[in-house]
Amino acid sequence: MAKPPGPRELTLEQVAAGAGVSAATVRRWVGRGLIPGFDGSWTPAAAAYVRVIERLRARGHSLDEIKRASDRGQLAVGPIENLLMASDGLYSLREVSRETGLSVSVIERLRSAMGLQTQSAELLNEEDVQVMRYVAAIFEAGLPPAAFLQLARVYGQALAQIADAEVRLVHLYVHEPMMRAGVPNVEIAEEMEGLARQLMPFVVPILGYMHTRLLAQFVEQDVIGHMESDLAEGSGEDGRLRVAILFADLAGYARLTVERGDAEALAAVERFVELVQQTLPSDARVIKTLGDEVMVVGSDPAALTGWAVWLQAQGEPDAPPSRIGIHYGDAIYRDGDYYGSDVNQAARVVARAAGGEVLVTRPVVDSAAVDGVNFDRIGEIALKGFDEPTELFLASARER
């Protein structure tokens, strides 16, 4: 008599249904040796391999290709999925709507903003319902839905980047070295799953710690900003803010990749971005990076300009020089980013700078009385995409 399934053992039919294939297909895959470590018992780890194989088949990979990948240990992270899988969905969107008081359309928009795949017929689980209860409580506390939708998009984008980095860095620094060392697939899978189990309990506390510290920092900056500026100036219902906008990049970066190779060029970018992040004025922060370009926004054009001039003096002899453009104007704040013609203007200004230069516009000069900095007028320059010429100045350290 066959023994009944244990508490962590599945039946063949359950495994097949979970992957969306027939039991006969699963038996064939077992016969081909595609399920590493399978000993006749269907554990969650073995079931995870079946799901991975089905996804690979759906993407057009042959069984021979999958077998080679499995033998090399390339599929060893599959069982980790079991640690992260959500529970089965039990509630329709309408049921969640009745439970939380949120409309179906709002729930769909929230899940889409968070970056979660959703369909109107998808069933949600208890975790999904609890999160929507939290959202309803946030609305009741007074935060407008439009504002929280922006927050949800920011959370989703930031956490997607975090999750992507977690997977890629573990792959590069743990998984691939084990594959190159010839560690058997089953041992790699066990090692990776053990690592995931040890690391996961620490991730949420670390993220919570960082969020609290950074939130306190930005609350303080916001209070100071309200004290030092007229609230009505540059603000409005459309989310406009008056800010100093800086773009910086490395002059000759494309040439550097050809002359020294991608790895050395990337190292130069990483050193540059790290220097920027570590030395920015307290009221400024990096909004985003794209290749070798950095976008910075701050509330004090004088502090940002003084810092930019200082930064240009820190260049390393063998490093490519940076070039910087600064403008002071209105920007529309959306989803953690800044938009508008004044942002575009700042991006065009840096394109006119040479290596080692800091170019600024007239609004910066008028608002930035910086000790130790000279502003030398260059003239009115036509910038791409702007009908009117822009008055530009070269900011440099004043000789003592």
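Note that the structure is a prediction, hence the values are computed from the model and not measured.

Is there a simple way to think about the packing of helix 7 (residues 104–113) against helix 8 (residues 126–141) in this case?
Pairs of packed helices are described in terms of their axes, by the angle between the two and the distance that separates them. The interhelical angle for the contact between helix 7 and helix 8, taken along N-to-C directions, is 105 degrees, at an axis separation of 12 Å. The angle between the axes of helix 7 and helix 8 places the two elements in the roughly perpendicular class. Between helix 7 and helix 8, the contacting residues are Val106, Ile107, Leu110 and Arg111 on the first element and Asp128, Met132, Val135 and Phe139 on the second. Grouping the constituent residues of the contact of helix 7 with helix 8 by class yields six nonpolar, no polar and two charged.

What is the right way to look at a nonpolar patch on the surface in this model?
On the surface, Ile138, Leu143, Leu151, Tyr155, Leu159, Phe202, Ile206, Leu207, Tyr209, Met210, Leu214 and Phe218 cluster together into a nonpolar patch covering about 1000 Å² of accessible area. When residues of the nonpolar patch are traced back to their parent elements, those giving at least two are helix 9 (145–180) and helix 10 (185–228). The biggest single contributor to the nonpolar patch is helix 10, with seven residues.

Please explain the environment of valine 30 as it appears in this structure.
With respect to the helices and strands, the residue valine 30 is situated in helix 2 (residues 23–31). By relative accessible area, valine 30 is classed as partly exposed at 26%. The sequence separation of valine 30 and valine 50 amounts to 20 residues, and the corresponding C-alpha distance is 9.2 Å. Other than its neighbours up to four places away in sequence, valine 30 contacts Ile35, Phe38 and Trp42.

Just to check I follow, could you spell out helix 6 (residues 93–100) for this structure?
Three or four residues apart is the spacing at which side chains of an α-helix point the same way, because the helix has 3.6 residues per turn. Within the sequence span of helix 6, burial applies to Leu93, Val96, Ser97 and Thr100. For helix 6, the angular spread of buried residues about the axis comes to 105 degrees, placing them on one side. Of the exposed residues in helix 6, the ones pointing more than 90 degrees away from its buried face are Arg94 and Arg98. Residues of helix 6 that are buried make contact with helix 7 and helix 8. Immediately downstream of helix 6, the backbone of glycine 101 shows phi near 85 degrees, a positive value.

The rules behind the values
Residues numbered from 1 in each chain as written. Predicted model: local features only at pLDDT ≥ 70, side-chain atom pairs only at ≥ 80, totals over all residues. Heavy atoms only, no water. Axes fitted to C-alpha atoms, helices over the stretch in contact; angles between N-to-C directions. Helix = DSSP H or I, 4+ residues; strand = E, 2+ residues; numbered from the N terminus. Parallel < 35°, antiparallel > 145°, perpendicular 65-115°, else oblique. Contact = heavy atoms within 4.5 Å. Nonpolar A, V, L, I, M, F, W, Y, C, P; charged D, E, K, R; others polar. Patch = residues over 30% accessible without salt bridge, like charges linked within 9 Å, V, L, I, M, F, W, Y side chains within 5 Å. Areas by Shrake-Rupley, 256 points an atom, 1.4 Å probe, with all protein chains shown as cover. Salt bridge = Lys/Arg side-chain N within 4 Å of Asp/Glu carboxyl O. Buried < 20%, exposed > 50% of the residue type's maximum accessible area, 1.4 Å probe, protein only. Arc of directions from axis to C-beta.

Note that all results are geometric; they support no functional claim without further evidence.
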